[in-house]
Amino acid sequence: MAVTTDFYYNEYGGVTITDLDKCLKRAQSIIDCYIVYPPSGQVQEVWYEKAICAQAEAIGLAGGVQTWLESTSSALAGTTLGNFSVQATNGGSSTGSADASAVPCAGAMMYLDKGGLLYRGASYI
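About the cut-offs
- Residues numbered from 1 in each chain as written.
- Predicted model: local features only at pLDDT ≥ 70, side-chain atom pairs only at ≥ 80, totals over all residues.
- Heavy atoms only, no water.
- Helix = DSSP H or I, 4+ residues; strand = E, 2+ residues; numbered from the N terminus.
- Buried < 20%, exposed > 50% of the residue type's maximum accessible area, 1.4 Å probe, protein only.
- Areas by Shrake-Rupley, 256 points an atom, 1.4 Å probe, with all protein chains shown as cover.
- Core = buried A, V, L, I, M, F, W, Y, C linked by side-chain atoms within 4.5 Å.
- Contact = heavy atoms within 4.5 Å.
- Patch = residues over 30% accessible without salt bridge, like charges linked within 9 Å, V, L, I, M, F, W, Y side chains within 5 Å.
- Salt bridge = Lys/Arg side-chain N within 4 Å of Asp/Glu carboxyl O.
- Phe/Tyr/Trp six-rings, centres within 6.5 Å; stacked < 30°, edge-to-face > 60°.
- Axes fitted to C-alpha atoms, helices over the stretch in contact; angles between N-to-C directions.
- Parallel < 35°, antiparallel > 145°, perpendicular 65-115°, else oblique.
- Nonpolar A, V, L, I, M, F, W, Y, C, P; charged D, E, K, R; others polar.
- Arc of directions from axis to C-beta.

Things to note about the overall build of the chain
Line of reasoning, step 1. Check the secondary structure of the chain and you find 5 helices and 2 strands.
Line of reasoning, step 2. By residue count, 36% of the 125 residues in the chain fall in the buried class.
Line of reasoning, step 3. Accessible area of the chain: about 7,600 Å², with a carbon and sulfur share of 53%.

Have a look at this one:
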């Protein structure tokens, strides 16, 4: 079940973004990884679709799929706060394949939780 641009604009009330279809497709892939089972019933389907819309909007407002991936998949090389210091174990390199970027935005997580669709271990990932 794919979310349509009509649902995004008219039901969800989304803002205008470029390449909405690409953003919706990527968003659905991410959301599908965070649900335990496919939505059952009309109420769960609406929350599921709203989660996809929220994620697509986050991707679109970040500049589209490519820009969003580039901004979210970079690895933290290291940081220091006072006497505390942390260094990345992978040397700070990034493949761009998107471990970090596959995390749903807060709005999407909210809709998944409201619909009873959120995998309960997701907050620990």
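Considering the nonpolar core
Line of reasoning, step 1. In terms of nonpolar packing, the biggest core is built from 29 residues, with Tyr12, Ile31, Ile52, Ile59 and Leu112 touching the most fellow members.
Line of reasoning, step 2. Of all the secondary-structure elements, those providing two or more residues to this core are helix 1 (5-12), helix 2 (20-32), helix 3 (42-61), helix 4 (65-72) and helix 5 (106-114).
Line of reasoning, step 3. Per element, the largest residue contribution to this core is 7 residues, and it comes from helix 3.
Line of reasoning, step 4. Excluding residues that lie within four positions of it along the chain, Ile31 makes contacts with Tyr48, Ala51, Ile52, Gln55, Pro104, Ala108 and Leu112.

A look at a nonpolar patch on the surface
Line of reasoning, step 1. Judged by side-chain polarity, Val36, Tyr37 and Tyr119 come together as a nonpolar surface patch covering roughly 300 Å² of accessible area.
Line of reasoning, step 2. Counting through the fold element by element, Tyr119 comes out in the segment after helix 5.

A few points about the packing of aromatic side chains
Line of reasoning, step 1. Under the definition given, this model contains 4 aromatic pairs.
Line of reasoning, step 2. Taken together, a centroid distance of 4.9 Å and an interplanar angle of 80° make the contact between Tyr8 and Tyr9 edge-to-face.
Line of reasoning, step 3. By relative accessible area, which is 0% here, Tyr8 ends up buried.
Line of reasoning, step 4. Taking the relative accessible area as the measure of exposure, Tyr9 reaches 31% and is therefore partly exposed.

Overview of the side chain of Gln44
Line of reasoning, step 1. With respect to the helices and strands, Gln44 occurs in helix 3.
Line of reasoning, step 2. Classification of Gln44 as buried rests on a relative accessible area of 13%.
Line of reasoning, step 3. Contacts of Gln44, omitting those with residues within four sequence positions, involve Tyr37, Pro39, Gly115, Gly116 and Leu117.

As for the packing of helix 2 against helix 4
Line of reasoning, step 1. Two elements in contact, helix 2 and helix 4, have axes whose closest approach is 10 Å; the angle formed by their N-to-C orientations is 45°. With respect to helix 4, the element helix 2 is oriented oblique. Contacts from Lys22, Cys23, Arg26 and Ile30 in helix 2 reach Val65, Trp68 and Leu69 in helix 4.
Line of reasoning, step 2. Looking at side-chain class alone, the contact of helix 2 with helix 4 contains 5 nonpolar, no polar and 2 charged residues.

Details of the packing of helix 3 against helix 5
Line of reasoning, step 1. Direction vectors running N to C along helix 3 and helix 5 enclose 175°, while the axes themselves pass 8 Å from each other. Overall, the two elements helix 3 and helix 5 adopt an arrangement that is roughly antiparallel. Each of Trp47, Lys50, Ala51, Ala54 and Gln55 in helix 3 lies in contact with helix 5, whose residues at this interface are Gly107, Ala108, Tyr111, Leu112 and Lys114.

Details of helix 1
Line of reasoning, step 1. Within helix 1, the full set of buried residues consists of Phe7, Tyr8 and Tyr12. The arc enclosing the buried residues of helix 1, seen along the axis, measures out at 100°, which places them on a common side.
Line of reasoning, step 2. Contacts from the buried residues of helix 1 go to helix 2, helix 3 and helix 5.
Line of reasoning, step 3. Two residues or fewer after helix 1 comes Gly13, characterised by a positive phi angle close to 80°.

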